[in-house]
Amino acid sequence: MWDWLRANYSLAALWSAWGAIVLGYIGFLFLERLLPAHRNPRIQELAADGRANLVFFFLNPVALFSGGWLSGEIARHLGGPLLRVDLTLVGIDPVTRFVLAFVPFFVFDFFYYWFHRSQHAWPWFWQVHRLHHSEHCLNVTTNYRHHWLEEFFRAFFIFLPMNWLISIAPVFSAVAAALIRQWSSFFHANIRVSLGPLTGVFTGPQYHRIHHSIESRHIGRNYAAFFPVWDWVFGTYWRPAKGEWPESGLPETNGVWGFKEVVFSPFVGWWQRFAGSFK
């Protein structure tokens, strides 16, 4: 695994990407104070959930790298990749370089869309993903509120087919990973920012808040991470109206999840479904 890590990522690139993520995270925290979407969040609940989310901030990369190594090995044995994206090659004109830069994100978002949609449609996957939706005060730390099992599953349902289809140069791979994290932090943040005419082009805080909404009319909407075009193509698009900033969370839960709920909720949910099938 360590050989794979050294072969695919330079240490300097990893540290630069991680530093950019931390700086961006601090910047979004500042903007949440300056331009909050909801001005009166439940402070005690926000603080308690925020502490739990920061644990996942450090824990989830371990699961993601482990899954990434396994998925990369599987993709290699399948004979991939079919396309190589290397922006460091000499001779690429600026237009081609710009278009190629979007390829990994566009491919990622296609597989992310279907994985994300299956998490809501398939009850066994939902038991893992519901932790992410359990936070009533949507904020920048919600981006990291994913059970470690979810990060491991992403490696196989998103990065495995990506590794089979395309190969990304190591330096660009680290940059892409940092940008994915930064943009995800941005659209989870409690920031009253609308992208206006670009709302249907790129995912922003208002667009993604619809996905986290507790209102029934918003259920099953806006699954895409970067490009709402996937929601539009597959029939799950909801363009937020001006001033539409709904409450977020899970209607069936109330209050802060404790340590046991955060860590063991998927296993408890699976057991309940398994035991219920015999009744």
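Worth saying up front: this structure is predicted, and the values here are computed from it rather than measured.

1. Brief notes about the pattern of salt bridges
Then step 1. Taken as a whole, this structure holds three salt bridges when the rule is applied.
Then step 2. Across the pair Arg-154 and Glu-150 runs a salt bridge, and its minimum N-O distance is 3.4 Å. In this pair, Arg-154 and Glu-150 both sit in helix H6 (residues 148-165), four residues apart, roughly one turn of the helix.
Then step 3. Given a relative accessible area of 1%, Glu-150 falls into the buried group.

2. Points about the packing of aromatic side chains
Then step 1. This model, assessed by the stated rule, comprises 25 aromatic pairs.
Then step 2. Where Tyr-207 meets Tyr-237, the ring centres are 5.9 Å apart and the plane angle is 40 degrees; that geometry is what we call tilted. With Tyr-207 in helix H8 (residues 205-212) and Tyr-237 in the loop between helix H9 (229-233) and helix H10 (259-276), the pair connects residues that are 30 residues apart, well separated along the chain.
Then step 3. A relative accessible area of 1% means that Tyr-207 is categorised as buried.
Then step 4. A residue is classified by how much of its surface remains accessible, and Tyr-237, at 23% relative accessible area, is partly exposed.
Then step 5. Aromatic side chains Trp-230 and Phe-234 sit 6.1 Å apart centroid to centroid with 15 degrees between the ring planes, which places their arrangement in the stacked category.
Then step 6. Under the relative-accessibility criterion, Trp-230 is labelled buried at 12%.

3. What to know about unusual backbone geometry
Then step 1. Here the phi dihedral of Asn-222 falls at roughly 55 degrees; this positive angle occurs in a residue that is not glycine.
Then step 2. Relative to the helices and strands, Asn-222 is located in the loop between H8 and H9.

4. Description of a nonpolar patch on the surface
Then step 1. A cluster of nonpolar side chains, Trp-122, Trp-124, Trp-271 and Phe-274, forms an exposed patch at the surface whose accessible area comes to about 480 Å².
Then step 2. Residue placement: Trp-271 occurs in helix H10.
Then step 3. When its relative accessible area of 56% is taken as the criterion, Trp-271 is described as exposed.

5. Points about the nonpolar core
When a protein is soluble and globular, its nonpolar side chains tend to lie buried together.
Then step 1. Grouped together as the largest cluster of nonpolar side chains are 20 residues, with contacts concentrated most on Phe-108, Ile-158, Met-162, Ala-225 and Phe-226.
Then step 2. The set of elements that each furnish at least two residues to this core consists of helix H4 (94-121), H6 and helix H7 (170-188).
Then step 3. Those residues within four positions of Met-162 in sequence are excluded, and the remaining contacts are Pro-104, Val-107, Phe-108 and Phe-111.
Then step 4. Judged by nonpolar contacts, the second largest core, of nine residues, contains Ile-21, Tyr-144, Ala-189 and Ile-191.

6. Quick look at the confidence of the model for the chain
Then step 1. Here the chain shows a mean pLDDT of 77. Residues at 70 or above account for 63%.
Then step 2. Ranking the elements of the chain by mean pLDDT puts helix H1 (residues 2-8) last, at 48, and H9 first, at 96.

7. Details of the side chain of Ser-248
Then step 1. Mapped onto the elements of the fold, Ser-248 is located in the loop between H9 and H10.
Then step 2. Look at Ser-248 and you get buried, because its relative accessible area is 3%.
Then step 3. In terms of polar contacts, Ser-248 uses its side chain to reach the backbone carbonyl oxygen of His-136, at 3.0 Å.
Then step 4. Ignoring any residue separated from it by four or fewer positions in sequence, one finds Ser-248 in contact with Glu-135, His-136, Leu-138, Arg-209, His-212, Ser-213 and Ile-214.

8. Looking at helix H5 (residues 123-133)
Then step 1. Counting buried positions along H5 gives nine out of 11 residues, so the element sits mostly inside the fold.
Then step 2. Listing the buried residues of H5 in full gives Phe-125, Trp-126, Gln-127, Val-128, His-129, Arg-130, Leu-131, His-132 and His-133.

9. Details of H6
Then step 1. For H6, which comprises 18 residues, the first-to-last C-alpha distance of 25 Å matches the rise-based estimate of 26 Å (1.5 Å per residue) to within 8%.
Then step 2. Within H6, the axis deviates most sharply at Phe-159, by approximately 40 degrees, and proline Pro-161 lies no more than four positions further along.

Parameters and conventions
Residues numbered from 1 in each chain as written. Predicted model: local features only at pLDDT ≥ 70, side-chain atom pairs only at ≥ 80, totals over all residues. Heavy atoms only, no water. Salt bridge = Lys/Arg side-chain N within 4 Å of Asp/Glu carboxyl O. Helix = DSSP H or I, 4+ residues; strand = E, 2+ residues; numbered from the N terminus. Buried < 20%, exposed > 50% of the residue type's maximum accessible area, 1.4 Å probe, protein only. Phe/Tyr/Trp six-rings, centres within 6.5 Å; stacked < 30°, edge-to-face > 60°. Patch = residues over 30% accessible without salt bridge, like charges linked within 9 Å, V, L, I, M, F, W, Y side chains within 5 Å. Areas by Shrake-Rupley, 256 points an atom, 1.4 Å probe, with all protein chains shown as cover. Core = buried A, V, L, I, M, F, W, Y, C linked by side-chain atoms within 4.5 Å. Contact = heavy atoms within 4.5 Å. pLDDT = per-residue confidence, 0-100. Polar contact = N/O pair within 3.5 Å; in protein donor to acceptor, adjacent residues only side chain to side chain. Expected span 1.5 Å × (residues − 1). Bend = angle between axes of the 7 residues up to and from the residue.

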